[in-house]
Each structure stands twice: as C-alpha cells, then as structure tokens.
Amino acid sequence: MSGVAVEGDVALADRWGLPGRESPDGAEASLVLRREDGRLVLAGDPRAYGKPLAVDFVAGRAAHRRRFGGGRGQLIARACGLARGVTPSVVDATAGLGRDAFVLAALGAEVLMIERVAAIAALLEDGLARARADADTAEIAARMRLAHGDAGRDLASLVANGGVAPQVVHLDPMFPHREKSALVKKEMRLFRELAGDDADAPRLLEAALDVATHRVVVKRPRKAPPISGPAPRHVLEGKTSRYDLYVHRALTPP
Ligand SMILES: C[S@@+](CC[C@H](N)C(=O)[O-])C[C@H]1O[C@@H](n2cnc3c(N)ncnc32)[C@H](O)[C@@H]1O
C-alpha cells in the first residue's frame with residue numbers, strides 16, 4: 001500500500017498523524033491530501049486515480065438521493081429497520097465516504113461513523129463540517145458523528161465514546177469485485193489502495209455482533225458469499241447489492 005502525505009497544512013498533518021509533503025516520509029507518497037476550492041481532497045496521478053476524491057454531503061449524488069432517493073422504502077433503510085414509528089440509532093462501522101451514513105441520517109437516524117483509514121476519516125470530517133454549515137444539510141449533519149479507529153479491534157470503546165447507542169451496526173467492508181465503468185474503477189482503485197481488501201471482515205462481524213443491541217446489517221455485492229461466521233437470519237436482495245441481517249431482537253416503537 002502506498003502512502004498519503006498532506007500538502008501545505010502542518011496542523012492537519014499533525015491532527016491525522018500523516019507526514020507533510022515536504023518531509024522525507026511524505027515526498028514519496030503517491031496520494032496527497034490538500035485543500036482545493038474550499039474543501040479537502042485526496043488526489044493522485046489522474047491517469048491512475050481519476051478525479052480527486054472528496055466527501056460532499058451538500059451537492060452532487062448525496063443531494064440528489066436526499067431529494068429523490070425513495071425514503072424509507074430504500075433497501076438500506078429497510079435493512080436497518082427504519083419503519084413507521086421506528087428510527088433506530090446506527091453505528092456505521094465501515095464509514096468510507098459516508099454515503100450510506102448520510103442516507104440513514106437524512107431519514108432521521110442518529111449515526112456514528114467509524115473509519116480506520118486516517119486520510120478517509122479526514123475527508124469525512126471535512127465533509128461533515130461543510131454539511132453542518134449549509135442550511136439544507138445542517139439538521140442532518142447534526143445527527144452524524146465521526147470516530148477514527150479500527151472497529152474490528154476497538155468497537156466497544158469507540159461506541160462508548162461516540163455518543164450514539166448501537167441499536168444497529170451497519171457494515172460494508174470492501175469486497176474484491178469488478179466494477180463496470182472505468183470512472184468507478186479509478187475511484188475504487190484509489191480507495192482500495194488506501195483501505196485494502198478488508199480481509200479482517202469476520203473479526204469485524206464478531207465485534208459488531210457483540211456490541212449491537214438489536215441487529216447487525218452487512219451490505220454485500222449481490223452474488224458474494226456472506227462474511228464467514230454465523231449465518232444471517234434474513235437476506236434482503238437488491239439489484240446489485242444484498243443485505244445480510246443478523247438479528248438479536250426486534251426493533252419496536254419507543
Ligand atoms: C466499501 S467502504 C464503505 C463505503 C461506505 N458504506 C459509503 O457509503 O461510503 C469500506 C470502508 O470501511 C473501512 N473499514 C474497513 N474495516 C474497518 C474497520 N475494521 N474499522 C473501521 N473502518 C473499517 C475501510 O477503510 C473503507 O473506508
């Protein structure tokens with residue numbers, strides 16, 4: 001895995017324990033975190049990685065899905081148990097770019113996002129700050145928190161300090177699969193370079209089953225096998241992805 005360096009922001013480099021671009025450790029890094037047009041982006045050689053990556057909860061895909069996404073009928077909402085009169089709190093222990101977390105928060109859930117890769121957590125923190133400052137998304141962003149750490153190792157303490165009850169734990173670990181469009185491929189390449197293949201997903205599932213009070217929800221590509229471990233109790237299938245549900249107890253209205 002190649003490294004990430006921070007360009008032109010010593011405080012940010014210190015905050016996330018990353019080398020500065022100008023330091024010997026940072027000079028060789030193939031990816032760079034820097035500010036561009038008021039947002040933090042992660043950029044590499046565009047021929048290999050495509051456009052710089054940023055977390056954007058205000059515009060683009062997130063905004064479109066917030067307006068036209070299908071509400072609580074969406075697969076992720078059903079999988080996480082959001083129903084009439086029931087809005088569980090969710091720990092998204094594989095936050096990534098926060099897309100799933102934002103959908104759940106937009107539907108009313110309190111969400112704790114946990115991300116172990118410092119550069120991705122830095123993008124999330126920046127995206128969250130911009131969402132809190134925007135009138136259209138401030139209320140949603142107020143329901144979202146972020147913790148940086150390894151959920152497979154430290155889930156219980158991350159949750160204890162995170163301020164969100166783990167009624168549902170949502171997992172979406174990386175799975176090595178083929179993507180159709182070249183554009184997605186480049187974004188995935190960048191992401192995979194940082195996050196790896198999440199080969200430790202069975203340990204994460206075990207930790208999630210220990211900590212969740214009501215259910216664990218695992219997003220998988222439709223044809224992928226479930227994560228090794230106990231068999232899911234229910235399966236919800238969509239067009240391209242599937243949710244494996246591990247249920248401890250029913251979610252009921254307060
Ligand atoms: C496929 S991405 C998740 C995408 C996310 N669902 C979204 O909507 O943007 C998986 C992410 O989970 C993170 N991850 C995997 N295992 C983790 C763990 N044990 N603790 C914290 N984060 C983890 C990876 O670093 C990666 O960013």
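Residues numbered from 1 in each chain as written. Predicted model: local features only at pLDDT ≥ 70, side-chain atom pairs only at ≥ 80, totals over all residues. Heavy atoms only, no water.

- The protein has the name Ribosomal RNA small subunit methyltransferase J in an unreviewed UniProt entry, where Halomonas stenophila is given as its organism.
- The heading Sequence similarities (unreviewed entry) in the UniProt record of the protein holds the text "Belongs to the methyltransferase superfamily. RsmJ family."
- Under the Subcellular location (unreviewed entry) heading, UniProt states for the protein: "Cytoplasm". (UniProt positions renumbered as here; feature names shortened; annotations may be inferred.)

1. Things to note about the packing of aromatic side chains
- The final tally for this structure, using the stated rule, is one aromatic pair.
- With centroids separated by 5.0 Å and ring planes inclined at 10°, the aromatic side chains of Phe57 and Phe102 adopt a geometry described as stacked. Note that Phe57 is positioned in the loop between helix H3 (46-49) and helix H4 (60-68) and Phe102 in helix H6 (residues 99-106), a separation of 45 residues in sequence.
- Given the relative accessible area of 2%, Phe57 is considered buried.
- We classify Phe102 as buried; its relative accessible area is 2%.
- Stacked on the ring of Trp16, the Lys or Arg Arg15 has its end atom at 4.3 Å from the ring centre. (Phe/Tyr/Trp six-rings, centres within 6.5 Å; stacked < 30°, edge-to-face > 60°. Helix = DSSP H or I, 4+ residues; strand = E, 2+ residues; numbered from the N terminus. Buried < 20%, exposed > 50% of the residue type's maximum accessible area, 1.4 Å probe, protein only. Lys NZ or Arg CZ within 6 Å of the ring centre and 35° of its normal.)

2. Focus: the sheet that holds strand S3 (residues 39-43)
- Ordered by their spatial adjacency, three strands build an open sheet running S1-S2-S3, and the pairing between neighbours is mixed. Sheet topology places strand S1 (4-6) and S3 at the edges, where each strand pairs with a single neighbour. With strand direction ignored, the average angle separating the axes of adjacent strands in the sheet is 30°.
- Relative to S3, strand S2 (residues 31-36) runs antiparallel, the two sharing five bridges. By the bridge assignment, Val32 is partnered in S3 with Ala43.
- Across the face of the sheet, helix H7 (residues 118-132) comes into contact with S1, S2 and S3 while running at roughly 155° to S3. (Pairing = 2+ DSSP bridges. Axes fitted to C-alpha atoms, helices over the stretch in contact; angles between N-to-C directions. Contact = heavy atoms within 4.5 Å.)

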